[in-house]
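Single-letter residue listing:
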Amino acid sequence: MSEDLFLKIINREIPADIVYETDSVLAFRDINPQAPLHVLVIPKTHIRTINDIGAEHTALVGELFTAAAAIAAEHGYADDGYRVVMNCNEAAGQTVFHIHLHLLAGRSLSWPPG
Ligand code: AMP
């Protein structure tokens with residue numbers, strides 16, 4: 001998959017169902033949803049994997065979580081619960097190399113994940 005696919009969504013070069021946006025963060029519905037609510041929360045700055053997060057990104061990464069919580073609350077899942085997960089590299093299933101939090105809600109989620 002394209003290395004900069006999500007940059008193309010940020011730049012509106014390809015369409016996405018955007019649900020949340022700030023100056024630094026964008027969130028849009030996953031094209032292949034795994035739960036009734038499946039949103040990807042991404043920084044507008046390109047960071048390839050979790051391994052590339054530096055001290056200069058800590059506030060930005062924090063914003064991914066506050067954004068996910070806000071989106072979950074907006075959709076009514078704050079109390080019932082939801083999951084956020086970020087995959088790092090191939091063994092974890094990362095396919096798009098621009099960090100993204102998966103926000104999953106709306107069904108019972110098993111643990112451990114597959
Ligand atoms: P990951 O496997 O953790 O890297 O997650 C990448 C996610 O991006 C997958 O859940 C895909 O379904 C999703 N995805 C790929 N292309 C698009 C797209 N154009 N719009 C929205 N979601 C996408």
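Structure: above.
To keep things clear, this report deals only with the structure shown in the data block. Because the structure is a prediction, the values reported are computed rather than measured.

What to know about the sheet that holds strand β3 (residues 37-43)
For step 1, the next point in the chain: The strand order across the open sheet formed by 5 strands is β1-β2-β3-β5-β4, and the pairing between neighbours is antiparallel. Sheet topology places β1 (18-21) and β4 (83-85) at the edges, where each strand pairs with a single neighbour. Strand-to-strand, the axes of this sheet are offset by a mean angle of 20 degrees, without reference to chain direction.
For step 2, the next point in the chain: The pairing of β3 with strand β5 (residues 101-105) spans 5 bridges and is antiparallel. Residue pairing for β5: L37 is matched across the bridge by A105.
For step 3, the next point in the chain: Lying over the sheet, helix α2 (residues 58-74) contacts β1, β2 (25-29), β3, β4 and β5, oriented at roughly 155 degrees with respect to β3.

Description of the pattern of salt bridges
Any two side chains of opposite charge can pair, on the condition that their charged atoms come close.
For step 1, the next point in the chain: With the rule as written, the count across this model stands at 3 salt bridges.
For step 2, the next point in the chain: Note that E21 and R12 form a salt bridge whose closest N and O atoms lie 2.8 Å from each other.
For step 3, the next point in the chain: For E21, a relative accessible area of 38% gives the class partly exposed.
For step 4, the next point in the chain: Where E21 meets K44, a salt bridge forms, and the shortest distance between an N and an O atom there is 2.7 Å. Residue E21 is found in strand β1, and its partner K44 is found in the loop between β3 and α2; the two are separated by 23 residues along the sequence.
For step 5, the next point in the chain: The network of salt bridges with shared partners includes R12, E21 and K44.

Parameters at a glance
- Residues numbered from 1 in each chain as written.
- Predicted model: local features only at pLDDT ≥ 70, side-chain atom pairs only at ≥ 80, totals over all residues.
- Heavy atoms only, no water.
- Pairing = 2+ DSSP bridges.
- Helix = DSSP H or I, 4+ residues; strand = E, 2+ residues; numbered from the N terminus.
- Axes fitted to C-alpha atoms, helices over the stretch in contact; angles between N-to-C directions.
- Contact = heavy atoms within 4.5 Å.
- Salt bridge = Lys/Arg side-chain N within 4 Å of Asp/Glu carboxyl O.
- Buried < 20%, exposed > 50% of the residue type's maximum accessible area, 1.4 Å probe, protein only.

Note that all results are geometric; they support no functional claim without further evidence.
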